[in-house]
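Coordinates in review
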Amino acid sequence: MNASILLVLFVFAGLFSPGPNVVMLTASGARFGFRRTLPHLLGVPIGTGLLAASSAFGVNALLLALPALKLVFQIAAALWILWLAWRTAQAGRAGRAKDAGQPFTFVQAVLFQAVNPKIWAITLAASAGFGIGLDPHIEALRLFAVFAGINLCVCLFWTTVGHLLSGVLQSDAIWRGFMTVMAAFMAATVVLIFL
């Protein structure tokens, strides 16, 4: 099978499965609605595309070559994801009507990808396993296009799911349960950082 088709299938499977972005976008779609989540939704594909493009220039290899730098990245990523999970759980405890939180901005969503361990793992595997020997600039453009394009579709899907769930989440008890489950899923992704 063609290496580019394999790359697309690999990236789709990796990005569609639950991870911090999927959980956060589903929760944000339910919490803030589709329109208010749109900057977050658009920032994720751009951030993942940029990270994938950087892998063509060896950024992922640098992290693998410097274990101390990798450990600092892992700890920072774990702490940030746990903090986001705590904030999500707090929004659930406050109740839907009292939730005064704000969705991620475009820039926050782009920057979050730099500490998202799932995205690092997928970009590293894609760069190492599905390269086709192109000039690094062309390979970077190829990886950016694949990651950003696929992730845009994935983000649209999960934000829409969250938005559609918002109609079911009208009671405070159901809202608290949903936000607690989303926070637990997000916190659980921290385990992936250290695998």
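Each remark here, short or long, concerns the structure printed above.
Below: a short report on this structure. (Residues numbered from 1 in each chain as written. Predicted model: local features only at pLDDT ≥ 70, side-chain atom pairs only at ≥ 80, totals over all residues. Heavy atoms only, no water.)

**Details of the overall build of the chain**
- For the chain, the helix and strand inventory stands at 10 helices and 0 strands.
- In the chain, the succession of helices and strands from N to C terminus is α-α-α-α-α-α-α-α-α-α.
- On C-alpha atoms alone, the chain measures out to a radius of gyration of 17 Å, which is about the 16 Å that the 2.2 N^0.38 rule sets for 195 residues.
- Seen through its C-alpha atoms, the chain measures out along the principal axes to roughly 55 × 35 × 25 Å.
- Considering the chain as a whole, with its 195 residues, one finds that 46% of them fall into the buried category. (Helix = DSSP H or I, 4+ residues; strand = E, 2+ residues; numbered from the N terminus. Rg over C-alpha atoms; globule rule 2.2 N^0.38 Å. Buried < 20%, exposed > 50% of the residue type's maximum accessible area, 1.4 Å probe, protein only.)

**Focus: the nonpolar core**
- By size, the foremost hydrophobic cluster in this structure holds 43 residues, and its most contacted members are L7, V11, L15, F112, F147 and M186.
- Looking at this core, the elements with two or more residues in it are α1 (3-16), α2 (20-32), α3 (34-55), α5 (67-94), α6 (106-112), α7 (117-129), α8 (136-165) and α9 (172-188).
- Contact partners of L15, with chain neighbours within four places excluded, come to V22, K118, I119, I122, F147, I150, N151 and V154. (Core = buried A, V, L, I, M, F, W, Y, C linked by side-chain atoms within 4.5 Å. Contact = heavy atoms within 4.5 Å.)

**Focus: a nonpolar patch on the surface**
- A contiguous nonpolar patch, built from L38, L42, I46, L50, F106, V107, L111, L152 and L156 and spanning about 710 Å² of accessible area, is present on the exposed surface.
- If you tally residues by element for the nonpolar patch, the top one is α3, at 4 residues.
- Within the fold, V107 resides in helix α6. (Patch = residues over 30% accessible without salt bridge, like charges linked within 9 Å, V, L, I, M, F, W, Y side chains within 5 Å. Areas by Shrake-Rupley, 256 points an atom, 1.4 Å probe, with all protein chains shown as cover. Salt bridge = Lys/Arg side-chain N within 4 Å of Asp/Glu carboxyl O.)

**Looking at the environment of A56**
- With respect to the secondary-structure elements, A56 resides in the loop between α3 and α4 (59-65).
- Sequence spacing of A56 and P117 is 61 residues, and the spatial spacing of their C-alpha atoms is 17 Å.
- Residues contacting A56, with those up to four places away along its chain left out, are S127, P136, E139, A140 and L143.

**Regarding the packing of aromatic side chains**
- Scanning the entire structure with this criterion turns up 6 aromatic pairs.
- Measuring from ring centre to ring centre gives 5.3 Å for F12 and F16, while their planes differ by 20°; the resulting arrangement is stacked. You can see F12 and its partner F16 sitting in helix α1, 4 residues apart, about one turn around the helix.
- Take F12: its relative accessible area is 40%, and that puts it in the partly exposed class.
- On the basis of an interplanar angle of 45° and a centroid distance of 5.2 Å, the ring pair of F16 and F157 is categorised as tilted. Residue F16 is found in helix α1, and its partner F157 is found in helix α8; the two are separated by 141 residues along the sequence.
- Of the aromatic side chains, those joined through ring pairs into one cluster are F12, F16, F157 and W158. (Phe/Tyr/Trp six-rings, centres within 6.5 Å; stacked < 30°, edge-to-face > 60°.)

**Observations concerning the side chain of N151**
- Looking at the secondary structure, you find N151 in helix α8.
- Using a relative accessible area of 3% as the deciding quantity, one classes N151 as buried.
- When near neighbours in sequence (up to four residues on either side) are disregarded, N151 contacts L15, V44, P45 and T48.

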